[in-house]
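Close look at the chain arrangement
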Amino acid sequence: MFTMGLTSFEQIAIWAVFAVAWLGLGYAIFLRSQILREDKGSEKMQEVWGAIKDGANAYLQKQLRSILPLIGILTIALFLSVYVVPPTPEALERFEGMDEGLIRFWIGIARAVAFVMGAGFSLMVGQIGMRMAVEGNVRVAAASKKSFGDALRIAYRAGTITGMLTDGLGLLGGTIIFIILGIAAPDALLGFGFGGTLLALFMRVGGGIFTKAADVGADLVGKVEAGIPEDDPRNPAVVADLVGDNVGDCAGMAADIFESYEVTIVSGLILGLALWHITGRLEWIVFPLMVRGIGVLSSIFGTYFVKGGETGRSEDAMKAIFSGFITSAIISVIMFAAAGFFYLNTPAMDKWGGWWRMPAAVAAGVLLAILIDRLTEYFTGTHAAPVNDIKKAADTGPATLILNGVSVGFESSVWSVVVIALTIIASIFIFGGISSDPTANATFILYGVAMTGIGMLTLTGNNVAMDSFGPIADNANGIGEMSWSGKTDKDTKRAQQIMADLDAVGNTTKAITKGVAIGSAVIAAVSLFGSFLVDVSRAQASLGIPVLEQIQALGIRVDIPQVFVGMLLGGALPWLFSSFAIQAVARAASLIVLEVRRQFKLGVLEGKTKPDYAQAVSISTSAAQKELVSLALLGIVTPIVVGLLLDVEALGGFLAGIIVSGQLLAVFLNNSGGAWDNAKKLIEDEPKDPEKNLGKGSERHKAGVVGDTVGDPFKDTAGPALNPMIKVVNLVAVIIAPIVVQFQGAAGATLVIVWVVAIALIGVLAWAVMRSKAPAPNMSASISGVGGDAPKKASSKKKTAKKK
């Protein structure tokens, strides 16, 4: 290990954190063995489960093949990026005595390998987590026949496996990089964070499009047109819908929170290194790693406080899950304070504000997570006023219901911003005034913001368990509905009610976790913005730019026209990204609608023929793969173009714009969609009475389904995908900032090269936009021939064309 002046206690602490990372992975293996021992239910249940499992595995394999070429290109680009700018002082110190060319080579290798490791770990979390969720869902359905408590326990612990993978691999990767590279770690950590974030974006976008295309298509034709129940086995899109829950909410969300976990520690360590230069103290770097280790232990303890009785309802499940979360939070805060007192309570740290500041900032992050948890539950939970108001609006039709949901989403965005703003203000109070130097003081405050982000995701194990609980419960409910269709005995009705209650709780826990992920994205983006400013000032210093101009660079001035232009472009990008994501869902859902109608015309509803589930799975898979690379390129290429054409100050404005706009839009999409979904479930829970317009099949229910259908791509596609997109943009900006500074004000041949690269990248952006707006394969053929043979006709036309 490169010691870089670490004390013996600090070296032991870092190795202890490394061991805790392995402990988290070991606990995931232990829970897996517990889950796999549970009963898988009847043969019919296992048949439905097998179809879901095969569809999910096939989708992930195809997704991996689609993204590998871009991963390969970016790995090479990251390796070569170190040859454009001089090595950092930390790299020169870490590899002291080496030739500068050799230093560049090893830093390039480290950044490229870290990128692949981040992407690989993100992929592992998503894929293994999804497979364990699939293993859990059939066992939850079987357990619902026994007791409410068993079903709750299995669903939550199956989700905890993914949580522990996220904790363990995230902590392992960051610790390994720090142990090997020491003070030069930020060069590689940027690659590690970028790899994890990019994979999360791929999995979020692809999974979100897949799941909502199937869900919207299944609901519109099945519930609204045919009047059949949700998850009716006669609906040809029902298996695609259940597969989508896994590839979107399990694989996508797990990778999403994993990259948030990575990025917060990356920004914390980069800013900690900046403070090391200012103070000469390594505590700023070591303590964040200790906090992450404490978080893993706290999440493990909290798992055992989530339990239910023989019977229960949705409020009991929510109470049990929240009790586990609060238990972990209390344990964490106590351990933060203890670690801070024993490690930071030294005369050397007293000079820099005392031992309490770092634990206080982390505790503020934990409090932020709890506040967002409560805020999101209020706006999307079934027992609070907003969702019940939306339910009441169903009395007057889908238009008023949708308007009510839109207003709920708008209001929830405002309060989320207020909570995040108060957290940043808390960092100003905690870390402000430590130094009289304005630049150093700003760095201290930004470090405090990074520590709140680390604190916010301390309970990642709990957060991911809560999120995975949602699709596990949803799939279990679907498996039960498809397997028990037509059964009316007392045990089956009881099991169906347990599944319906857990499914409703799952909607709320998914919304809560998305709220935490979005909040953490903003905090991480603000921290990365601080890293961007630090990197810009250091790059300018290396070029001999006077100190006054460096300090000016630390304050992005919006009165400069190109900075304001950058801010406008940054604010617009989340809206363009969301537009393309929702368009993709709409196009694919149209194909699903036409396919389901075609099969219904063949007599599926009357039992004349069996539904072809594979066709809907294939349509959703193709639509999702089409958008993967083009939407990712919007986040990767746009900041590079802005930096090259408008200079580094405009790039700073671009980042500020995307953070503010992206946060507001993401919370609106997430919470309005979640509120519509739970309002529909409240209507479905009413006693069925067509004369009084109550319950399933009523006009009020159809209005609820329309609202839920509009909200589906909001809450499960566009909204969640904005989280990794914001961080991809910020990480790309931090990586290219020194390069942009290097070529700022270039002339002659260098200027020509810069313009050629910028124009080429604009061409790539144009291709991405055109690809995103292009219709899905067979779209026009399917729409023009609504009859049963449309897909076949399109296929035969292609074959004829090939022969000609």
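Residues numbered from 1 in each chain as written. Predicted model: local features only at pLDDT ≥ 70, side-chain atom pairs only at ≥ 80, totals over all residues. Heavy atoms only, no water.

Turning next to the overall build of the chain. When its secondary structure is counted, the chain shows 23 helices and 0 strands. Against the globule reference of 28 Å for 804 residues, the chain gives a C-alpha radius of gyration of 26 Å, in line with a compact fold. The contacts of the chain with a sequence gap of at least 6 include a subset with a gap of at least 24, amounting to 85%. With 64 positive and 65 negative side-chain charges, the chain shows a spacing of 7 Å between the two charge centroids. (Helix = DSSP H or I, 4+ residues; strand = E, 2+ residues; numbered from the N terminus. Rg over C-alpha atoms; globule rule 2.2 N^0.38 Å. Contact = heavy atoms within 4.5 Å. Lys, Arg positive; Asp, Glu negative; His and termini not counted. Charge placed at Lys NZ, Arg CZ, Asp CG, Glu CD.)

What follows concerns the packing of helix 12 (residues 385-393) against helix 13 (residues 398-431). Taken N-terminus to C-terminus, the directions of helix 12 and helix 13 make an angle of 165°; their axes are 8 Å apart at the nearest point. Classified by the angle between their axes, helix 12 and helix 13 sit roughly antiparallel to one another. The two elements helix 12 and helix 13 cross, and the hand of that crossing is right-handed. When helix 12 is examined against helix 13, the residues Pro-386, Asp-389, Ile-390 and Ala-393 are found in contact with a partner set consisting of Thr-400, Leu-401, Asn-404, Gly-405 and Val-408. Its residues placed into classes, the contact of helix 12 with helix 13 shows 5 nonpolar, 3 polar and 1 charged. (Axes fitted to C-alpha atoms, helices over the stretch in contact; angles between N-to-C directions. Parallel < 35°, antiparallel > 145°, perpendicular 65-115°, else oblique. Left-handed = near helix turned anticlockwise from the far one by under 90°. Nonpolar A, V, L, I, M, F, W, Y, C, P; charged D, E, K, R; others polar.)

Let us now look at the nonpolar core. Core analysis: the largest hydrophobic core is formed by 261 residues, its most contacted members being Phe-194, Phe-287, Leu-502 and Phe-532. Take this core: its biggest share by element is 33 residues, from helix 19 (residues 613-684). In contact with Leu-502, not counting residues within four places along its chain, are Phe-148, Ala-151, Leu-152, Ala-317, Phe-469 and Ala-473. (Core = buried A, V, L, I, M, F, W, Y, C linked by side-chain atoms within 4.5 Å. Buried < 20%, exposed > 50% of the residue type's maximum accessible area, 1.4 Å probe, protein only.)

The next subject is the packing of aromatic side chains. Under the counting rule described, the total for this entry stands at 22 aromatic pairs. Their ring planes at 35° and their centres at 5.5 Å tell us that Phe-9 and Tyr-343 sit as a pair that is tilted. On the criterion of sequence distance, the pair formed by Phe-9 in helix 1 (residues 8-36) and Tyr-343 in helix 9 (residues 314-344) is long-range, its members being 334 residues apart. Owing to a relative accessible area of 44%, Phe-9 belongs among the partly exposed residues under this scheme. Measuring from centroid to centroid gives 5.0 Å for Tyr-378 and Phe-379, while their planes differ by 80°, and the two rings are edge-to-face. (Phe/Tyr/Trp six-rings, centres within 6.5 Å; stacked < 30°, edge-to-face > 60°.)

For helix 20 (residues 699-743), with 45 residues, the first-to-last C-alpha span of 63 Å sits near the 66 Å given by 1.5 Å per residue. The axis of helix 20 is deflected most strongly, by about 45°, at Ile-736, and proline Pro-738 appears within four residues downstream. Where burial is concerned, most of helix 20 is hidden: 39 out of the 45 residues are buried. Backbone geometry just after helix 20 places Gly-745 at a positive phi near 80°. (Expected span 1.5 Å × (residues − 1). Bend = angle between axes of the 7 residues up to and from the residue.)

We now examine the confidence of the model for the chain. Confidence in the prediction of the chain, expressed as mean pLDDT, is 82, and 92% of residues score 70 or more. Taken as a whole, residues 547-554 scores under 50 in pLDDT and shows 13 contacts with residues more than four places along the chain or in a different chain. Overall, residues 779-804 carries pLDDT values under 50, and its contacts beyond four positions in sequence, including any with other chains, amount to 20 contacts. (pLDDT = per-residue confidence, 0-100.)

By the secondary structure assignment, Thr-166 is in helix 5 (residues 148-181). Residue Thr-166 is classed as buried on the basis of its relative accessible area of 0%. If near-sequence neighbours (up to four positions away) are discounted, Thr-166 is found in contact with Val-125, Ala-254, Ile-257, Phe-258, Tyr-261, Thr-460 and Val-464.

A few words on the packing of helix 18 (residues 561-601) against helix 20. At a minimum axis distance of 9 Å, the contact between helix 18 and helix 20 shows a crossing angle of 140°. Put simply, helix 18 runs oblique to helix 20. The handedness of the crossing between helix 18 and helix 20 is right-handed. Note on element contacts: helix 20 touches helix 18 through Pro-713, Phe-714, Thr-717, Ala-718, Ala-721, Leu-722, Met-725 and Val-729, opposite Leu-573, Pro-574, Phe-577, Ser-578, Ala-581, Ile-582 and Val-585.

For Asp-647, which is not glycine, the phi dihedral falls at a positive 80°. Within the fold, Asp-647 resides in helix 19.

A word on a nonpolar patch on the surface. On the surface, a nonpolar cluster with roughly 780 Å² of combined accessible area is contributed by Ile-76, Leu-80, Tyr-83, Met-98, Leu-102, Phe-105, Trp-106, Ile-109 and Val-113. Of all the secondary structure elements, the ones that give two or more residues to the nonpolar patch are helix 2 (43-81) and helix 4 (100-143). With 5 residues, the single largest contributor to the nonpolar patch is helix 4. Take Val-113: it is sitting in helix 4. (Patch = residues over 30% accessible without salt bridge, like charges linked within 9 Å, V, L, I, M, F, W, Y side chains within 5 Å. Areas by Shrake-Rupley, 256 points an atom, 1.4 Å probe, with all protein chains shown as cover. Salt bridge = Lys/Arg side-chain N within 4 Å of Asp/Glu carboxyl O.)

Our focus in this paragraph is the pattern of salt bridges. Across all of its chains, the model carries 24 salt bridges by this definition. Here Glu-135 and Arg-139 are joined by a salt bridge, their closest N and O atoms 3.0 Å apart. Here Glu-135 and its partner Arg-139 are both found in helix 4, 4 residues apart, which amounts to about one turn of the helix. Neither Glu-135 nor Arg-139 differs from the other in exposure class; each is buried. A salt bridge links Lys-391 to Glu-686; the shortest N-O distance between them is 3.7 Å. With Lys-391 in helix 12 and Glu-686 in the loop between helix 19 and helix 20, this residue pair connects regions lying 295 residues apart in the sequence. Its relative accessible area of 22% is what places Lys-391 among the partly exposed residues. Using a relative accessible area of 13% as the deciding quantity, one classes Glu-686 as buried.

Further remarks concern the environment of Ser-260. Checked against the element boundaries, Ser-260 lands in helix 7 (residues 238-279). Expressed as a C-alpha distance, the spacing of Ser-260 and Ser-520, which sit 260 residues apart in the sequence, is 6.8 Å. Look past the residues within four positions of Ser-260 in its chain and what remains in contact with it is Leu-457, Ala-517, Ser-520, Asn-723 and Lys-727.

All right, on to the environment of Gln-742 then. Inspection of the secondary structure assignment puts Gln-742 in helix 20. As a C-alpha pair, Gln-742 and Ser-299 span 443 residues in sequence and 45 Å in three-dimensional space.

The topology assignment puts Ala-426 in helix 13. For Ala-426, a relative accessible area of 24% translates into the label partly exposed. As a C-alpha pair, Ala-426 and Gly-448 span 22 residues in sequence and 8.7 Å in three-dimensional space.

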